[in-house]
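# Structural characterization, general
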Amino acid sequence: MLEAIADEMLMRVVATQAAVYRARGQLEQVLHLQWESPAGRAFRDRAAELAGKITELDGRLEAARAEIWAARADLAQLESSILSGLGPLGPIVSPGGLPRGLLDAL
């Protein structure tokens, strides 16, 4: 179940990164335009600020993605150690009864 949650988180991070890449591409197109008016230059400057914030966001998303992958690896290792520690299953007990095979051993 925890792996399913990690997978869902990973899918959301990847989807967010895709949106960030699209936004970055659109902002880069704005930054390459030549602006004649003060309002146009102010718009370009604001777009540059947003591009910087988007770059920072992308770095954080990449770090989150790496942490999710590390958590998935930890979960897999934990699951493996739990399963290896169980060994063969113990005797099966019927509700209100003795474990099967108990009387056979006597």
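Quick notes on the rules
Residues numbered from 1 in each chain as written. Predicted model: local features only at pLDDT ≥ 70, side-chain atom pairs only at ≥ 80, totals over all residues. Heavy atoms only, no water. Core = buried A, V, L, I, M, F, W, Y, C linked by side-chain atoms within 4.5 Å. Buried < 20%, exposed > 50% of the residue type's maximum accessible area, 1.4 Å probe, protein only. Helix = DSSP H or I, 4+ residues; strand = E, 2+ residues; numbered from the N terminus. Contact = heavy atoms within 4.5 Å. Phe/Tyr/Trp six-rings, centres within 6.5 Å; stacked < 30°, edge-to-face > 60°.

## As for the nonpolar core
Among the nonpolar cores identified, the biggest contains eleven residues, and these are Ala6, Leu10, Val13, Val20, Leu27, Val30, Ala47, Ala51, Ile54, Leu61 and Ile68. Of all elements in the fold, only α1 (2-31) and α2 (38-86) reach the threshold of two or more residues within this core. Broken down by element, the residue count for this core peaks at six residues, all from α1. Every residue in contact with isoleucine 68, bar those within four places of it in the chain, is listed here: Ala6, Met9, Leu10 and Val13.

## With respect to the side chain of aspartate 58
Among the secondary structure elements, aspartate 58 is positioned in helix α2. For aspartate 58, a relative accessible area of 12% gives the class buried. Not counting residues within four places of it along the chain, the set of residues in contact with aspartate 58 comprises Gln17, Val20, Tyr21 and Arg24.

## Some thoughts on the packing of aromatic side chains
Tallying each qualifying case throughout the model produces one aromatic pair. Each ring, one from tryptophan 35 and one from phenylalanine 43, has its centre 5.7 Å from the other, and the planes form 70 degrees; the classification is edge-to-face. Overall, tryptophan 35 belongs to the partly exposed group, its relative accessible area being 26%.

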